[in-house]
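Overview (structure and organization)
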Amino acid sequence: MAAIESEDDPLARLQATAIALAQVMTPVEAAQAALEQAVGLFGASAGAVYLRYGDELRVQAELVGAHPAFPTVRLGEAVPVAQVALSGEHTYFDSLQEPGRADSSRVSSGVVLALEVKTKVIGVIALSFEVRRSFDRDDRRFAGAIAAQCALALDRALLLERERDVGERSAFLAAASDMLALSLDPGAVLQQLAELVVPRFADWCAVELVEGDETRQHAVAHVDPAKVIWAATLRDKYPPDRSEPRGLYHVVRTGKSEIYETIPDGLVEQAAVDAEHLRMIRELQMRSALIVPLTVRGRTIGGLTAVWAESNRNYTRSDLGLFEEVARRAALAIDNAMLVRDLEQAVQVRDDFLAAAGHELKTPLAALQMQIESLQRMLARDVTPANLESRLDKAARASTRLGRLIDELLDVSRITAGRLRLDPEPVLLDELVREVAERFADQLGAAGCTLQVTTAPTRGLLDRSRIDQVASNLIANAIKYGRGGLVELEVATEQGEGVVRVRDHGIGIAPAEQQRIFERFERAVENRSFGGFGLGLWIARQIVEASGGTITVMSAPRSGAMFEVRLPLGTTEGA
Ligand code: ADP
């Protein structure tokens, strides 16, 4: 056996190789041992062991000779290692002309052995020799036996790695689930999650949540803390593109994950908007990435991006499954945390409201009690009809106010329970609003307000008492918040709709408050300065919307407010 350096019995050599290979635990160790054995046995000057990952071969161990091995080789490439990986045939090059060399000084030989287990090629061993040599039948048989041994050792190491992976994955999933189940703070949940992912399952990880029609980064973790800032700067300067047919927005829009097993430079170039962007992305050295949606109750609330960079690894489909599962659990946890937060806020609002409502009800009640007591005192003395009348008027007003407040409270439970029923009948809206305004004559006078009414005949099918309630509320507010100024009232038919406008020149409402005031219990003013439950506008909105209409406000602080109600008039034949 001329090819084998030692004169030992080949069987003994095979046995020694088997023992050396039996010690290894990881694929890299196995590749290293296989290379050492092959190089030693054949006296090669250089060599490399490649393992197959998908349709790529990656170097796992290398003895550098005249030329370093390619770190990765795609299976389709016209190079011997790729061809052997595809064919599974050991290939011997008895005389190899180095590419680009015309002289014969560096003529060498080579061998590429397929590492095959159960008819599957899991990798190759490539050896090269500086001297020209040939491989006879015995050499080839021996090389085949060595390759089979190495293949078995590598396969066992890969299997062990997969088992370790499965163990680590379930431990990771369990840790993530525990952490997610315990936390009720959505922000903290996401940061902990990102930190759990890095470094075992990504070099960096970012989580974004949908806010309006954008997404905002809530958490980011990186193996290299300096790069956290770098990634944040990149995101700030070049926010994700909403129109791209891939990437975070696409995932959020479609609810479907994306995986980039390898990120070719072409993709990076395509994604960059300018040279500076390209430079920044390249700096991150992204090698492989995946983006999974955070979906809960059929809604995508955000996305998680994981990237392999520095550690030179690649995601596979099985990683995608793991991340999708983690993202599903994270989305559930965030949703729960948000529900709890909303609930806590709602309870707080209700408690504040109950406290305020108690005070609110006490004011007219106190007035009523005062009038009754003073009437009792008067009875003991001489009662004059004039005194009696004014006392009784005041008592009646206080009890009306009390009644109205109680009605508002009852309306809340009625509307919340979905029991607001409208009873439409033919109504002259302009007349109805005038009648309401007349009822406010005393209050207008007491507040020093003047009223200006402009109406045009407006006929519609409407619930009289509910529209009365809406108009009353708007006029009462104009008086309450109008600082004694002019109150303008207008009723008209515009584009087939009945329009009621109530305008005052009082304290006004800041733009930030203009949505909120239509919500239940919401007020833009302090309780102490102005009485009220913060319910009137909410009830008005419920009535108007149930009637198919809209209610809006235009206002600015200290410039008064104009509330506009638009109501469909329906068919009014016979009105
Ligand atoms: P309430 O008047 O009982 O507080 P509303 O629901 O009627 O409740 O109004 C909600 C809030 O909207 C008020 O607390 C006040 O801050 C604001 N608001 C309503 N009408 C006006 C107005 N005409 N001018 C200024 N602020 C107003």
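Refer to the structure presented above.
Below: a short report on this structure. (Residues numbered from 1 in each chain as written. Predicted model: local features only at pLDDT ≥ 70, side-chain atom pairs only at ≥ 80, totals over all residues. Heavy atoms only, no water.)

**Points about the packing of helix α4 (residues 137-182) against helix α5 (residues 186-197)**
Our working rule: Under this scheme, a helix contributes an axis fitted over its contacting stretch, all axes are lines through C-alpha atoms, and angles between N-to-C directions fall in the 0 to 180 degree range. The numbering of helices and of strands both runs from the N terminus, where a helix is a DSSP run of H or I of at least 4 residues and a strand a run of E of at least 2. Should an angle fall under 35 degrees it is taken as roughly parallel, and over 145 as roughly antiparallel, whereas 65 to 115 is taken as roughly perpendicular and any remaining angle as oblique. Left-handed describes a crossing whose near helix is turned anticlockwise from the far helix by less than a right angle; the clockwise case is right-handed. Contacts are assigned to residue pairs with any non-hydrogen atoms lying within 4.5 Å of each other. Residues are sorted three ways: Asp, Glu, Lys and Arg are charged, Ala, Val, Leu, Ile, Met, Phe, Trp, Tyr, Cys and Pro are nonpolar, and all the rest, Gly among them, are polar.
Two elements in contact, α4 and α5, have axes whose closest approach is 10 Å; the angle formed by their N-to-C orientations is 165 degrees. Accordingly, the angle class assigned to the pair α4 and α5 is roughly antiparallel. Read as a crossing pair, α4 and α5 show a hand that is right-handed. For the pair α4 and α5, contact is made by F172, A175, A176, M179 and L180 and by V189, Q192, L193, L196 and V197, respectively. The residue inventory of the contact of α4 with α5, partitioned by class, reads nine nonpolar, one polar and no charged.

**Observations regarding the side chain of S288**
The condition is simple: Working definition: with a 1.4 Å probe on protein chains only, accessible area under 20% of the residue-type maximum means buried, over 50% means exposed, and in between means partly exposed. Under this definition, polar contacts are N or O atom pairs within 3.5 Å; protein pairs additionally need one hydrogen-donor-capable and one acceptor-capable atom, and for neighbouring residues in sequence, both atoms have to be side-chain atoms.
Along the chain, S288 turns up in strand β10 (residues 288-296). For S288, a relative accessible area of 0% gives the class buried. Separated by 3.0 Å, the side chain of S288 and the backbone oxygen of Y260 make a polar contact.

**Brief notes about the site of the ligand**
Definition in use: Here, proximity means that at least one heavy atom of the residue falls within 4 Å of the molecule or strand. Accessible areas in this description were obtained via Shrake-Rupley with a 1.4 Å probe; residue shielding takes into account the shown protein chains only.
The full set close to the ligand counts 21 residues, and Y481, D504, R523, A524 and L537 are the nearest of them. The side chain of Y481 places a nitrogen or oxygen atom 2.8 Å from an oxygen atom of the ligand. A distance of 2.8 Å is found between a nitrogen atom of the ligand and a side-chain nitrogen or oxygen belonging to D504. About the coverage of the ligand: the protein hides 98% of its 520 Å² of free accessible area.

**Details of the nonpolar core**
Soluble, globular proteins show a tendency: their nonpolar side chains are buried together. Stated precisely, the cut-off is as follows: The set of buried Ala, Val, Leu, Ile, Met, Phe, Trp, Tyr and Cys residues whose side-chain atoms join them within 4.5 Å is what this entry labels a nonpolar core.
Within the largest apolar cluster, 46 residues are counted, with the highest numbers of intra-cluster contacts made by L474, F563 and V565. Here the element with the most residues in this core is helix α14 (residues 464-481); it accounts for seven residues. Those residues within four positions of V565 in sequence are excluded, and the remaining contacts are V470, L474, G498, V499, V500, V544, T550 and I551.

**Section: the pairing of strand β11 (residues 299-308)**
Condition: Note: two strands are recorded as paired if DSSP finds a minimum of 2 bridges between them.
Taking burial as the measure, the 10 residues of β11 include nine buried ones, the bulk of the element. Sheet analysis places strand β7 (residues 204-211) next to β11, joined by six bridges and oriented antiparallel. Its bridge partner lying in β11, L209 is registered against G302. Where β10 meets β11, nine bridges bridge the pair, whose relative direction is antiparallel. Each bridged residue has a counterpart across the sheet, and for L294 the counterpart in β11 is G302.

These results come straight from atomic positions and should not be treated as a statement about function.
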